[in-house]
Amino acid sequence: MAVASSKGLFDFKPAGKVDDDIIEWTNNNRSPEEQAIWGKYHDLATQHTDDTEVDDQILEAYRDACKLGRKKFLTFPEYQEAAKKVDTREIAVPTSHDGDFEVPVFIYTPKSLVGNPKNPAYIYAHGGGVNAAAASDLKPALDFLAVQCGVVVFNVDYRLAPETKSPNNVKDFYKVIKHVSCNSESLGIDPGKICIAGDSGGGFICLGAMVMLAQRDEGNLVKLAIPSQPMVDDYSFGDPLCMTIEERWDHLKRRKAYQFIAYDLTSQWKCPLMFPGKASDELLAKFPATVIDTREFDMFITETSRLAARLRRAGRLLELIVIPGAVHFVSAVPHLECSKLWIQTLKRCLQEYLLS
């Protein structure tokens, strides 16, 4: 595979501190109920226990917290306005790798693109640590993305852990990529302009699908991959003294998330479908051309940066984007300055590396 040619579009200067408007918004927009449920989740997940009853409580608290937090998406006027400019439909992609299951996929097409025979595709995996949330939760944000960036979004409702174990969640997403590629004409998609993406746990799903594409010499099916703020490897199992503040705060919760995801963490420890950052150099060289997108104070900043360095050496990295002053997932709040910077950055990325 030819070396990916970077245009060197982005080199943001670190802010050295979290943006003031992020701190203000966080302090003013978490209800007592939301603070209580996130606090419960943190307290439970940071216990050193293998008690299955506690695990059930952790999962319930995390899912409740995600559901409560994402209700805010419905209130943002930017998202409400974008929803008026998008046509929505749903398809189901049949799979058999973990029983017979049809993966729900929500398609958001800007009305300005309806009827075009060859639109660019943005196939997306939502965040939530692979343990929580649903694709439909992200519809408001993805409507906005579709309109701003001029792409057709395929929002994939892959199955969650622990009910579905790795790598079957990744395989759900991979099957959707194959479906879009093989049925591009009927879907109104240009098969040469397919982008795959995902945030946080969805970034893990996206990276896992990139591993599968590489293993099958199918990296050419995807023109661009954008894993954003992704879970990458087993860094959270290391010494917290080496970690940033955000990594240290979150590392025990990440360990628990991976225990939920794995069917057997010990036997899967070296598997790149469990930890995509453990993909060999040979596999990385077969990845689609990649833009890695993260935040200056993201809880996965170290593992993400390390993967970017390996991809650069393998000739597959187009850009490493680090949004200054930002924390994990805050770009979902559209009126914040870092969010405005991020959507313009993504728009330029897609324009230069997908649409051109």
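Keep in mind the model is a prediction, meaning the values are calculated, not measured.

## Quick look at the side chain of Thr290
Piece 1. With respect to the helices and strands, the residue Thr290 is situated in strand 7 (residues 290-297).
Piece 2. Within the local environment of Thr290, its side chain forms a polar contact with the backbone oxygen of Pro288, the two atoms lying 2.7 Å apart.
Piece 3. Ignoring any residue separated from it by four or fewer positions in sequence, one finds Thr290 in contact with Met210, Ala225, Pro227, Leu311, Arg316, Leu317, Leu318 and Glu319.

## So, the pattern of salt bridges
Piece 1. In this structure the tally under the stated criterion is 19 salt bridges.
Piece 2. The residue Asp250 makes a salt bridge to Arg254 at a minimum N-O spacing of 2.7 Å. Here Asp250 pairs with Arg254, and both are found in helix 9 (residues 245-261), just four residues apart, close to one helical turn.
Piece 3. Relative accessible area serves as the criterion here: at 5%, Asp250 is assigned to the buried category.
Piece 4. Relative accessible area serves as the criterion here: at 5%, Arg254 is assigned to the buried category.
Piece 5. Across the pair Asp281 and Arg310 runs a salt bridge whose closest N-O atoms are separated by 2.7 Å. A residue pair is termed long-range when its members are at least 10 positions apart, and Asp281 in helix 10 (residues 281-284) and Arg310 in helix 11 (residues 301-313) qualify at 29 residues.
Piece 6. Under the relative-accessibility criterion, Arg310 is labelled partly exposed at 25%.

## What to know about a negative patch on the surface
Piece 1. Taken together, Glu33, Asp50, Asp51, Glu53, Asp56, Glu60 and Asp64 make up a surface patch of like negative charges.
Piece 2. In terms of residue count, helix 3 (residues 52-70) provides more of the negative patch than any other element does, four residues in total.

## Quick notes on the nonpolar core
Piece 1. The biggest cluster of nonpolar side chains holds 58 residues, and the ones touching the most others in it are Ile123, Phe154, Phe173, Val180 and Ile196.
Piece 2. The biggest single contributor to this core is helix 8 (residues 201-215), with 10 residues.
Piece 3. Not counting residues within four places of it along the chain, the set of residues in contact with Ile196 comprises Ile123, Phe173, Ile177, Cys206, Met210, Leu213, Val222, Leu224, Ala225 and Ile226.
Piece 4. In terms of nonpolar packing, the next biggest core, distinct from the first, is built from 49 residues, Val151, Cys195, Ala326 and Tyr353 among them.

## Some words on the packing of aromatic side chains
In this description, a pair of aromatic rings is defined by centroid distance and the angle of the planes.
Piece 1. Following the criterion strictly, the structure yields 14 aromatic pairs and no others.
Piece 2. Measuring from centroid to centroid gives 6.1 Å for Trp38 and Tyr62, while their planes differ by 65°, and the two rings are edge-to-face. Placement of Trp38 in helix 2 (residues 32-45) and of Tyr62 in helix 3 is noted, with a sequence separation of 24 residues between them.
Piece 3. Owing to a relative accessible area of 23%, Trp38 belongs among the partly exposed residues under this scheme.
Piece 4. On the accessibility criterion, Tyr62 (10% relative accessible area) is buried.
Piece 5. A centroid spacing of 4.7 Å and a plane angle of 20° characterise the contact between Tyr41 and Tyr62, whose relative ring orientation is stacked. Here Tyr41, found in helix 2, pairs with Tyr62, found in helix 3; they are 21 residues apart in sequence, far enough to count as distant.
Piece 6. Taken together, Phe204, Phe237, Tyr258, Trp269 and Phe275 form an aromatic cluster joined through their ring pairs.

## As for the sheet that holds strand 3 (residues 119-125)
Piece 1. Strand order in this open sheet of eight strands is 1-2-4-3-5-6-7-8, and the pairing throughout is mixed. Looking at strand neighbours, the two that pair on one side only are strand 1 (86-95) and strand 8 (317-327), the edges of this open sheet. The mean inter-strand angle of the sheet, taken between neighbouring strand axes irrespective of direction, is 20°.
Piece 2. Of the strand pairs in this sheet, strand 7 and strand 8 are connected by seven bridges, and their pairing is parallel. By the bridge assignment, Thr290 is partnered in strand 8 with Leu317.
Piece 3. The strands touched by helix 6 (residues 168-182) within the sheet are strand 1, strand 2 (101-110), strand 3, strand 4 (152-156) and strand 5 (189-199), with strand 3 carrying the most contacts at an inclination of about 170°.

## Some details on unusual backbone geometry
Piece 1. With an omega dihedral of 5°, the bond running from Ala161 to Pro162 counts as a cis peptide bond.
Piece 2. For the bond running from Ser166 to Pro167, omega is 10°, close enough to zero to count as cis.
Piece 3. Within the secondary structure layout, Pro167 lies in the loop between strand 4 and helix 6.
Piece 4. One non-glycine residue, Val130, lies in positive phi territory at about 65°.
Piece 5. Its place among the elements puts Val130 in the loop between strand 3 and helix 5 (139-149).
Piece 6. Unlike most non-glycine residues, Ala133 shows phi in positive territory, near 80°.
Piece 7. Along the chain, Ala133 falls in the loop between strand 3 and helix 5.
Piece 8. We classify Ala133 as buried; its relative accessible area is 17%.

Quick notes on the rules
Residues numbered from 1 in each chain as written. Predicted model: local features only at pLDDT ≥ 70, side-chain atom pairs only at ≥ 80, totals over all residues. Heavy atoms only, no water. Helix = DSSP H or I, 4+ residues; strand = E, 2+ residues; numbered from the N terminus. Polar contact = N/O pair within 3.5 Å; in protein donor to acceptor, adjacent residues only side chain to side chain. Contact = heavy atoms within 4.5 Å. Salt bridge = Lys/Arg side-chain N within 4 Å of Asp/Glu carboxyl O. Buried < 20%, exposed > 50% of the residue type's maximum accessible area, 1.4 Å probe, protein only. Patch = residues over 30% accessible without salt bridge, like charges linked within 9 Å, V, L, I, M, F, W, Y side chains within 5 Å. Areas by Shrake-Rupley, 256 points an atom, 1.4 Å probe, with all protein chains shown as cover. Lys, Arg positive; Asp, Glu negative; His and termini not counted. Charge placed at Lys NZ, Arg CZ, Asp CG, Glu CD. Core = buried A, V, L, I, M, F, W, Y, C linked by side-chain atoms within 4.5 Å. Phe/Tyr/Trp six-rings, centres within 6.5 Å; stacked < 30°, edge-to-face > 60°. Pairing = 2+ DSSP bridges. Axes fitted to C-alpha atoms, helices over the stretch in contact; angles between N-to-C directions.

Coordinates in, geometry out; function isn't part of it.
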